[in-house]
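Each chain, letter by letter, is given below.
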Amino acid sequence: MATLAISKKRQREQHPVHSVQGTEHSSESRSCKEEDTLFSSSALADSDYDSTDSESSQFSGLSEDDSEEESETYSDTEHTPEEFQNQPSDIKINEYEYDSSDEEDIRNTVGNIPMHWYDDYPHIGYDLSGKKILKPQTGDELDHLIEQSENPDYWRTVKDPQTGQNIVLSREDCAVIQRIKSGKYADKDVNAFNIDWPSSFESEVEIHPLSNRPEDKRSFIPSKWERLKVGKMVHSMKMGWMKTPSQRKKELEEKNDEDDHYYDLWSNEDENDRSRLKMHIPAPKITLPGHAESYNPPPEYLFSKEERSKWQETDKEDRRQDFVPHKYSSMRAIPAFKNFMNERFARCLDLYLCPRQQKMRMNVNPEDLIPKLPQPKDLQPFPTTEAIVYTGHKDLVRKISLDPLGQWMVSGSDDKTVKFWELHTGRCMKTLDFDDKVKSVAWCPNANISLVAVAVGNHVILVNPGLGDKLIVTKTDELLAESSPPEQEKGLVTTWSEYTSDSQEFTESNLRLKVTHSKSVSQISWHAKGDYFAATLSGAGNQSVIIHQLSKRRSQCPFSKPKGLVQCTLFHPNKPFLFVATQRYIRVYNLLKQELSRKLQANCKWISSMAIHPGGDNVITGSYDCRLHWFDMDLSTKPYQTLKHQKKAIRSVDIHKKYPLFASTSDDGSVVVCHGMVYNDLMQNPLIVPVKVLRGHVTTNGLNAIDCVFHPNQPWLLTSGADSTIRLFS
């Protein structure tokens, strides 16, 4: 057994050399436990080995068979134990002379597993033959204390976690560990600082360059990021943020020289800065509640039904108070306040956005800030007085239209009749009865054709009224007779039909053509030349707008996809443009190029009507939320000006063809006439001045003035209302 111990000591003395040299690049952060594990295989390689430990304590975990085999293995060593111990420490031993690989030296074959798994077992693993390796005998704390005081090598004794044996590190092992912990190479002969590196850049000019790679483009272009960085540095120098080393040194000396740590906070401030403190404005206080906010308010503070409905119809910005007073029998019956979070948020905004300083107010006369508008009397002529009242309809009159010369007028009503009037006398010339309500009527703008389009249900009926010049009436029938027969277009549910000359509708009612659609027709508009007219259908999707050609009796749908709920359509006065008004937008289409030319955005919730200026560059729209918008298409796609002169929904708008006038009708009973001058100079904006408010219609079922039309030649205005009357203002 002594021979075995000496042989093992000799082998383990060589093994640490191989292990230490193989760890030249170990990190400094390796823990002491890892260092113990690193040198656990070099257990007995110290010249100052403690001979007091018996071979039974050193190899108590080995079986007798393993001891005999190992004694045979190590009996053929070249050196005796005495020669091995007497070798000088500076002699280098050939590490390849003995096979000292970690795999063959491991006695425990359990592998790389946590060894605490064997804490509750008497053995610590298994050897190569599969036999259990018993744990060595370990003393108690008293034995460790005695060993610590008596054993001089206790400080360099480590425990092998694989076998549980105590291993004494040699001086070389301790030196290697000390070098690794100090951040040096494990091998003391290695010097990483005296390396003769080849010089890549020398003062001598070489024939061949280091790299023949062409220069980058960025080497010829000034660097953007360097420019930004230099700009920041220049800005810092201007602002005084960046200082030279001498300035910083001087400031540091001045700071150190100050013995008194107390200083005047306002010593460097001017009198103007101190006056700022006197101009402080405290945050606004919450308004104290009044009688109306009580849970049991007096009866005069409670809303009636009319006051409640009026309060609900008024905009939030225009309401006198933002709550409705309620009366409760007791405080227990008061519910939770649903607007609590909104009021708290509004209060936080008041505190956050309140002014902190008084602004210097300029001595400006407020009247000078109001734009100087001309007087209404200087803008005459415009309609001011009610001249004629046309009576005869029994229900509200939805639409009126005038012939191009202004001599005749046609009106359509919900009483299923269409009436033709002589404008100057107020006499009803003809009445046509239909099977459904008349939604719209439109007189052809071509003075050479006597034709009226009437929208009744799903049909558009073309009527020759037979009024005026007989030659024009006869010529109109001849043109309709010469037109080509109807052609059915694919994908369109429209049919053209002609009334025969011997039918009663042709002779008595003067009906000539009928165009049937899939949905009800809500509005009709003619082209300026009188050959095309557009029909607006309600809820027809992509077929909401259908354009009909009278000469060829052909219909076509310009859109393949729905563009929203179409309210009305109009043709441009002199260009091939089509204006389509939806709920919030007005789209202008170029019919020749078949593309969207412009999209106007109205700042309203629902557009009700639209009118185009005779020049074609300005458009006005009325909306159900009491707003009238004027669009200057050369200026912007948003309204140039918004008028809020009426308190209820605007039903109709119209622009005079010759005079600078436009008007709007509303459910509040008012007809507002405005002066709208458009200048030829593009640098001058349009002049919009309200000149007159006309009243005359009686409110019926919540409706009042429905439609308005200007006379083509005179400054007259005709309006139709829900009281089944038509009124002429001159």
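Everything quoted here is computed from the prediction, not taken from an experiment. (Residues numbered from 1 in each chain as written. Predicted model: local features only at pLDDT ≥ 70, side-chain atom pairs only at ≥ 80, totals over all residues. Heavy atoms only, no water.)

> Is there a simple way to think about the overall build of the protein chain in this case?
Looking only at helices and strands, the protein chain has 16 helices and 33 strands in total. Relative to its 730 residues, the protein chain shows a buried fraction of 37%. Accessible surface, the protein chain: about 47100 Å² in total, of which carbon and sulfur atoms supply 51%. (Helix = DSSP H or I, 4+ residues; strand = E, 2+ residues; numbered from the N terminus. Buried < 20%, exposed > 50% of the residue type's maximum accessible area, 1.4 Å probe, protein only. Areas by Shrake-Rupley, 256 points an atom, 1.4 Å probe, with all protein chains shown as cover.)

> What am I meant to see in a nonpolar patch on the surface here?
Together, Phe345, Leu349, Tyr352 and Leu353 give the surface a local cluster of nonpolar side chains, amounting to about 480 Å² of exposed area. With relative accessibility at 64%, the residue Tyr352 sits in the exposed group. (Patch = residues over 30% accessible without salt bridge, like charges linked within 9 Å, V, L, I, M, F, W, Y side chains within 5 Å. Salt bridge = Lys/Arg side-chain N within 4 Å of Asp/Glu carboxyl O.)

> How should I be thinking about the sheet that holds strand β12 (residues 459–463) in this particular structure?
In a beta sheet, neighbouring strands are held together by backbone hydrogen bonds and run either parallel or antiparallel to one another. The antiparallel open sheet is built from five strands, whose spatial order is β10-β11-β12-β14-β13. Only two strands of the sheet have a single partner each, and these edge strands are β10 (438–443) and β13 (495–498). Across the sheet, the axes of successive neighbouring strands diverge by a mean angle of 20°, strand direction being ignored. Inspection of the sheet shows β13 paired to strand β14 (residues 511–516) by four bridges, in the antiparallel sense. Each residue of the ladder has a partner; that of Trp496, found in β14, is Val515. (Pairing = 2+ DSSP bridges. Axes fitted to C-alpha atoms, helices over the stretch in contact; angles between N-to-C directions.)

> Hey, could you run me through the layout of surface pockets in this one?
Rolled over the atoms, a probe sized like a water molecule indicates the empty space that remains. Estimated volume of the second largest pocket: approximately 1500 Å³. Lining the second largest pocket are 34 residues, and of these Glu293, Asp322, Phe323, Phe337 and Glu343 sit closest to its centre. If one sorts the elements of the lining of the second largest pocket by residue count, helix α13 (residues 340–353) sits on top with six residues. Grouping the amino acids of the lining of the second largest pocket by side-chain chemistry returns 16 nonpolar, eight polar and ten charged. (1 Å grid on protein atoms, 1.4 Å probe; cavity = no way out; pocket = protein on both sides within 12 Å on 5 of 7 lines; lining within 4 Å. Points joined across faces, edges and corners; volume = space filled by probe spheres on them. Nonpolar A, V, L, I, M, F, W, Y, C, P; charged D, E, K, R; others polar.)

> What is the right way to look at the sheet that holds strand β17 (residues 545–549) in this model?
Taken together, the four strands give an open sheet; going across it, the order is β15-β16-β17-β18, and neighbouring strands pair in antiparallel fashion. A strand with exactly one partner marks an edge of an open sheet, and here the two such strands are β15 (521–526) and β18 (554–556). Ignoring strand direction, the axes of neighbouring strands in this sheet form an average angle of 25°. Two strands pair when backbone bridges link them, and β17 and β18 are joined in this way by three bridges, in the antiparallel orientation. Looking across to β18, one finds that His548 is bridged to Ser555.

> Could you clarify how one ought to interpret the confidence of the model for the protein chain in this entry?
Close reading of the predicted structure is inappropriate where its pLDDT is low. In the predicted model, the protein chain carries a mean pLDDT of 79, and 79% of its residues have values of at least 70. Per-element confidence in the protein chain is highest for strand β28 (residues 661–666), whose mean pLDDT is 93, and lowest for helix α3 (residues 55–58), whose mean pLDDT is 36. The low-confidence segment residues 1–91, where pLDDT is below 50, has 128 contacts with residues more than four positions distant or belonging to other chains. For residues 98–105, every residue scores under 50 in pLDDT, and the model assigns this stretch twelve contacts once sequence neighbours within four places are set aside. (pLDDT = per-residue confidence, 0-100. Contact = heavy atoms within 4.5 Å.)

> Explanation requested: the pattern of salt bridges in the structure shown.
Pairing between side chains of opposite charge can happen when the charged atoms of each approach one another. Here the structure, examined in full by the defined rule, presents twelve salt bridges. Taken together, the salt bridges that share partners define one network made up of Glu386, Asp723 and Arg727.

> Please explain the packing of aromatic side chains as it appears in this structure.
Inspection of every chain in the model, using the stated rule, returns six aromatic pairs. Pairing Trp526 with Phe533 gives two aromatic rings, centres 5.1 Å apart and planes at 45°, and the pair type is tilted. One exposure class covers both Trp526 and Phe533, and it is buried. Here the aromatic rings of Phe559 and Tyr589 are separated by 4.7 Å at their centres, their planes lie at 55°, and the arrangement is tilted. Taken together, the residues Phe559 in the loop between β18 and β19 (568–571) and Tyr589 in strand β21 (residues 585–590) connect sequence positions 30 residues apart. Tyr589 carries the same exposure label as Phe559, and that label is buried. The ring of Trp225 carries Lys224 above its face, with NZ or CZ at 5.1 Å from the centroid. For Lys599, the ring lying beneath its charged end belongs to Tyr585, and the centroid distance is 4.3 Å. (Phe/Tyr/Trp six-rings, centres within 6.5 Å; stacked < 30°, edge-to-face > 60°. Lys NZ or Arg CZ within 6 Å of the ring centre and 35° of its normal.)

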